[in-house]
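Given next are the chains, with one letter for each unit.
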Amino acid sequence: CLPDEGTFDWLDMFLEKNPGHTELSDRAILQWAAQSGIVKARGVKSSNDKPEFGFGVTALDNHSIKRVLQAIAPLQERDYIVMEVKSNIITDERKDLVSKWASSGLKRRAQVMMGEPPAAFKKRSQELALKEKQEQSDLEFKVKLAETKKKKELEKKQKKLEKEKAKALKKQQKAQEAIKKKLEIEKKKKEAAAKGEEYVEEEEEKKEEEPEEEEAEEPEEEDEAMDEDPPTVQLTDEEKKLSFRQGTVPDLTPYNMNTSFIKFAIPEKDEGFDEVTFEWAKEPKCKEFLKQWIQDKKTTTRVEDLQPGDWFLAQWKDWQKILQSWHSKQNIYKAQVAKKAADKVAKQAKKAAAAAAKEHKAKAVVAKKAAAEKAKKEAAEKGETVEAEEEKEDEPMEEPEEEEEEEQEDSKVDFDKLDVFGIEDILDVGGGEPLFSTFSFEDWTMMSLRFELHLLAHAFKRDVNDPDRMGIHLEHLSFYYQKYYKKSMNQKFYGVETMQELLDLLKDTVYVTKKTKVVEAQLPTEFESLGVFVMLTEEARRDRVRRVDLGDETARLKLQNPAMPQAGAPGSLLPRPALVMSGIRPATPPVPGAVRPAGAWQQPAFRPPVGAWQQPGSFRPPMAGQVRPFGNVGGWRAPTAWRG
């Protein structure tokens with residue numbers, strides 16, 4: 001039998017019909033141990049074929065008892081049935097099992113049960129499935145009943161506590177009233193004694209308190225629910241269509257199933273059998289059924305021992321290099337833009353200062369002329385003569401040589417109107433601007449994921465080297481992603497709930513087939529340039545911006561932005577970012593006649609991003625007598641001599 005297709009159900013039916021046969025399996029050893037009073041220390045059971053023993057007995061736990069049985073059994077003339085789910089269906093392991101019985105003299109027969117089971121087996125399977133379902137339902141009913149009973153007992157206990165509390169409060173109030181009444185009587189007695197009269201108690205005061213009436217206890221409600229029978233369950237229409245019941249424990253562990261099912265084969269007589277019989281279907285149909293079963297299993301089962309090949313490693317390494325260069329290019333471009341903006345601001349400030357100075361001088365000239373005219377007028381009124389000063393023509397202010405406001409710049413293009421897929425060079429779409437100049441964290445992340453899934457889809461087919469495996473099943477995408485890229489893939493990081501929703505964000509690169517749910521790549525294996533992933537990401541970014549501008553908030557990416565890795569750290573794909581400042585901070589003016597010592601100055605706020613120079617460890621002047629600090633420092637003059 002194939003795993004999980006009636007293996008042990010068929011065995012139980014066979015043993016019922018043939019009680020003279022002895023089962024040899026791990027399951028039988030567990031039953032014998034239980035009958036001998038040996039209790040398992042652990043209750044774990046990962047598979048029916050190889051259940052964990054865990055008795056705390058060395059001979060049992062290390063399977064020594066099984067080897068002893070395999071050695072002794074061939075010496076006994078009995079009818080045996082050897083149940084090894086995995087070993088019985090793999091050719092090499094099956095041959096090894098048969099060889100152990102070669103010298104026994106017993107007839108060795110292989111019985112094959114594959115395909116559609118007979119009606120009697122289906123009926124038995126459904127009866128067992130219904131029994132298991134009823135037992136599960138009864139268990140759930142008992143648990144629910146116990147919870148209801150516990151809840152009612154808790155409510156009853158709470159009511160009793162409340163009654164006792166009310167009773168104690170009432171008793172306390174009566175005791176307080178009695179004390180108060182006693183104090184009043186004592187007071188009246190003292191008042192009567194002070195008047196010389198004798199106090200006589202009133203009849204009401206002498207009257208004894210009537211005994212408290214005990215509250216009748218409420219009769220306990222009979223719990224009808226406790227006598228209720230568990231509900232009867234039935235198999236659904238879908239469950240009735242199943243030929244084999246699905247137990248809670250599989251016949252093989254997932255790992256054993258995934259790594260061995262491609263080796264499954266029908267037994268042949270030349271493997272050492274005296275006879276091979278087929279019970280459910282004839283041999284050709286059984287072989288056809290097994291072939292189709294393996295084909296279907298390949299689509300839905302992951303390859304546990306798959307390792308990334310050399311082609312994948314080379315492609316991944318090239319991608320990391322080019323991605324790093326793109327990050328560097330973006331940082332350099334942003335630094336250049338920031339520097340141009342800073343220079344423009346500085347030029348505008350310089351022009352404004354020159355205009356202000358010119359205006360101030362003009363006002364001073366006008367004021368001087370006005371003062372001269374006034375003095376001349378006053379002197380004329382007094383009859384005095386004023387020597388006219390020779391008017392000197394105002395020397396025109398030396399205007400700094402202005403560079404052309406509009407320097408010869410590289411041709412600038414309208415970035416938003418560019419045809420993304422018509423660009424020849426993604427590193428320079430015009431004016432030195434790269435196509436990815438506006439990429440943010442989300443865009444870089446989605447572009448990297450595009451390439452990773454594209455590469456994974458192609459590398460899987462190369463590495464598995466099996467034409468029957470059409471690709472990666474959607475359920476196993478995160479498993480292979482972890483195996484290839486050594487990092488986990490969580491769709492919630494990208495702001496979606498399912499893996500299908502994540503791939504819908506990347507449908508320009510990968511898609512999932514409707515029938516087989518296999519991940520397929522949209523793009524070919526080889527490219528002239530990996531810039532196509534930049535183009536796809538830029539196009540997706542523009543579409544996303546357009547939709548958001550139109551009011552579609554669902555178009556926004558909801559990626560979680562983790563703490564960015566330190567630039568230049570091991571494993572980081574980000575280059576060391578260039579330090580971008582709005583301007584250059586001038587160095588502190590030195591004391592005249594003194595030389596700034598080596599290494600004593602602070603690095604300027606602006607560092608050219610191109611990387612053409614490295615800051616020296618110490619400063620040495622280019623020539624004696626002409627030491628100047630960094631920056632434009634007004635009023636500073638070079639010392640007359642310098643001594644090293």
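Given the structure is predicted, the values throughout are model-derived calculations rather than measurements.

A. Quick look at the overall build of the protein chain. Scanning the protein chain from terminus to terminus reveals 15 helices and 7 strands. Within the protein chain, buried positions represent 31% of all 644 residues. Within the protein chain, contacts between residues at least 6 apart in sequence are counted, and of these 71% link residues at least 24 apart. For the protein chain, the exposed area adds up to about 45,100 Å²; of that, 51% sits on carbon and sulfur atoms.

B. Here's a closer look at the packing of aromatic side chains. As enumerated under the stated definition, the model contains 23 aromatic pairs in all. With a centroid separation of 5.2 Å and an interplanar angle of 25 degrees, the aromatic rings of Trp 10 and Phe 14 are classed as stacked. Here Trp 10 pairs with Phe 14, and both are found in helix α1 (residues 7–17), just 4 residues apart, close to one helical turn. Since its relative accessible area comes to 12%, Phe 14 is described here as buried. Ring centres 4.2 Å apart and planes at 10 degrees place the aromatic pair Trp 319 and Phe 451 in the stacked group.

C. Region of interest: the sheet that holds strand β7 (residues 518–521). Read across the sheet, 3 strands follow the order β5-β7-β6 without closing on themselves; strand pairing throughout is antiparallel. The open sheet has two free edges, formed respectively by β5 (472–473) and β6 (510–512), since each of these has just one partner strand. In this structure, β6 lies alongside β7, joined through 3 bridges in antiparallel fashion. Bridging from a neighbouring strand, Val 512 pairs with Val 519 of β7.

D. Here's a closer look at the packing of helix α12 (residues 441–464) against helix α13 (residues 477–485). At a minimum axis separation of 11 Å, α12 and α13 run at an interaxial angle of 90 degrees. Compared by their axis directions, α12 and α13 come out roughly perpendicular. Here Leu 449, Phe 451, Glu 452, Leu 453, Leu 455, Leu 456, Ala 459, Phe 460 and Asp 463 of α12 come into contact with α13, specifically with Leu 477, Tyr 480, Tyr 481, Tyr 484 and Tyr 485. Among the residues forming the contact of α12 with α13, the class breakdown is 12 nonpolar, no polar and 2 charged.

E. Spotlight on the side chain of Arg 124. Within the fold, Arg 124 resides in helix α6 (residues 119–194). Beyond its immediate sequence surroundings of up to four residues, Arg 124 is in contact with Asp 12, Met 13 and Glu 16.

F. Quick look at the nonpolar core. Ranked by internal contacts, the top residues of the largest apolar core, which has 53 residues, are Trp 319, Trp 326, Leu 435, Met 447, Leu 453 and Leu 477. When contributions to this core are tallied by element, the ones reaching two or more residues are α11 (310–382), α12, α13, α14 (499–504), β6 and α15 (532–549). Ranked by residues supplied to this core, first place goes to α12 with 12 residues. Once you skip the residues sitting within four places of it in the chain, Trp 326 turns out to touch Trp 319, Ile 426, Leu 427, Phe 436, Trp 444, Met 447, Leu 530, Gly 531 and Val 534.

G. Examining empty space enclosed by the protein more closely. Tallied over the entire structure, the rule returns 3 cavities of 30 Å³ or more. Estimated volume of the largest cavity: approximately 150 Å³. As for the largest cavity, its lining consists of Leu 24, Ser 25, Ile 29, Lys 66, Leu 69, Gln 70, Val 82, Glu 84, Leu 97, Lys 100 and Trp 101. At 3 residues, the largest contribution of residues to the lining of the largest cavity is made by helix α4 (residues 64–72). Of the residues in the lining of the largest cavity, the class split is 6 nonpolar, 2 polar and 3 charged.

H. Fine view of the confidence of the model for the protein chain. Averaged over every residue, the pLDDT of the protein chain is 80; the share at 70 or more is 78%. Below pLDDT 50 for its whole length, residues 400–405 participates in 4 contacts with residues either more than four positions away or in separate chains. Low pLDDT, under 50, characterises residues 564–644; the stretch is placed with 86 contacts to residues that sit more than four places away or in other chains.

I. Here's a closer look at the pattern of salt bridges. As enumerated under the stated definition, the model contains 31 salt bridges in all. A salt bridge links Arg 124 to Glu 16; the shortest N-O distance between them is 2.9 Å. Placement of the pair is Arg 124 in helix α6 and Glu 16 in helix α1, with a sequence separation of 108 residues. Accessibility expressed as a relative area gives 18% for Arg 124, which makes it buried. A salt bridge links Arg 547 to Asp 543, with the shortest nitrogen-to-oxygen separation between them at 4.0 Å. Note that Arg 547 and Asp 543 are positioned in helix α15 at a spacing of 4 residues, about one turn of the helix.

J. Main features of helix α10 (residues 283–300). With 18 residues, α10 should cover 26 Å at 1.5 Å per step; its first-to-last C-alpha distance of 26 Å lies within 8% of that length. Restricting attention to buried positions, one finds in α10 the residues Cys 286, Leu 290, Trp 293, Ile 294, Lys 298 and Thr 299. Next to the buried residues of α10 lie β3 (109–112), α9 (254–260), β4 (275–278), β5 and β7.

K. Layout of the environment of Ser 437. Here Ser 437 lies in the loop between α11 and α12. Exposure remark for Ser 437: the relative accessible area of 7% places this residue in the buried category. Separated by 106 residues in the primary sequence, Ser 437 and Asn 331 place their C-alpha atoms 8.7 Å from one another. With residues up to four places along the chain from it excluded, the contact list for Ser 437 reads Gln 330, Tyr 333, Lys 334 and Phe 415. Within the structure, Ser 437 has its side chain in polar contact with the side chain of Glu 433 (distance 2.8 Å).

Cut-offs and rules
Residues numbered from 1 in each chain as written. Predicted model: local features only at pLDDT ≥ 70, side-chain atom pairs only at ≥ 80, totals over all residues. Heavy atoms only, no water. Helix = DSSP H or I, 4+ residues; strand = E, 2+ residues; numbered from the N terminus. Buried < 20%, exposed > 50% of the residue type's maximum accessible area, 1.4 Å probe, protein only. Contact = heavy atoms within 4.5 Å. Areas by Shrake-Rupley, 256 points an atom, 1.4 Å probe, with all protein chains shown as cover. Phe/Tyr/Trp six-rings, centres within 6.5 Å; stacked < 30°, edge-to-face > 60°. Pairing = 2+ DSSP bridges. Axes fitted to C-alpha atoms, helices over the stretch in contact; angles between N-to-C directions. Parallel < 35°, antiparallel > 145°, perpendicular 65-115°, else oblique. Nonpolar A, V, L, I, M, F, W, Y, C, P; charged D, E, K, R; others polar. Core = buried A, V, L, I, M, F, W, Y, C linked by side-chain atoms within 4.5 Å. 1 Å grid on protein atoms, 1.4 Å probe; cavity = no way out; pocket = protein on both sides within 12 Å on 5 of 7 lines; lining within 4 Å. Points joined across faces, edges and corners; volume = space filled by probe spheres on them. pLDDT = per-residue confidence, 0-100. Salt bridge = Lys/Arg side-chain N within 4 Å of Asp/Glu carboxyl O. Expected span 1.5 Å × (residues − 1). Polar contact = N/O pair within 3.5 Å; in protein donor to acceptor, adjacent residues only side chain to side chain.

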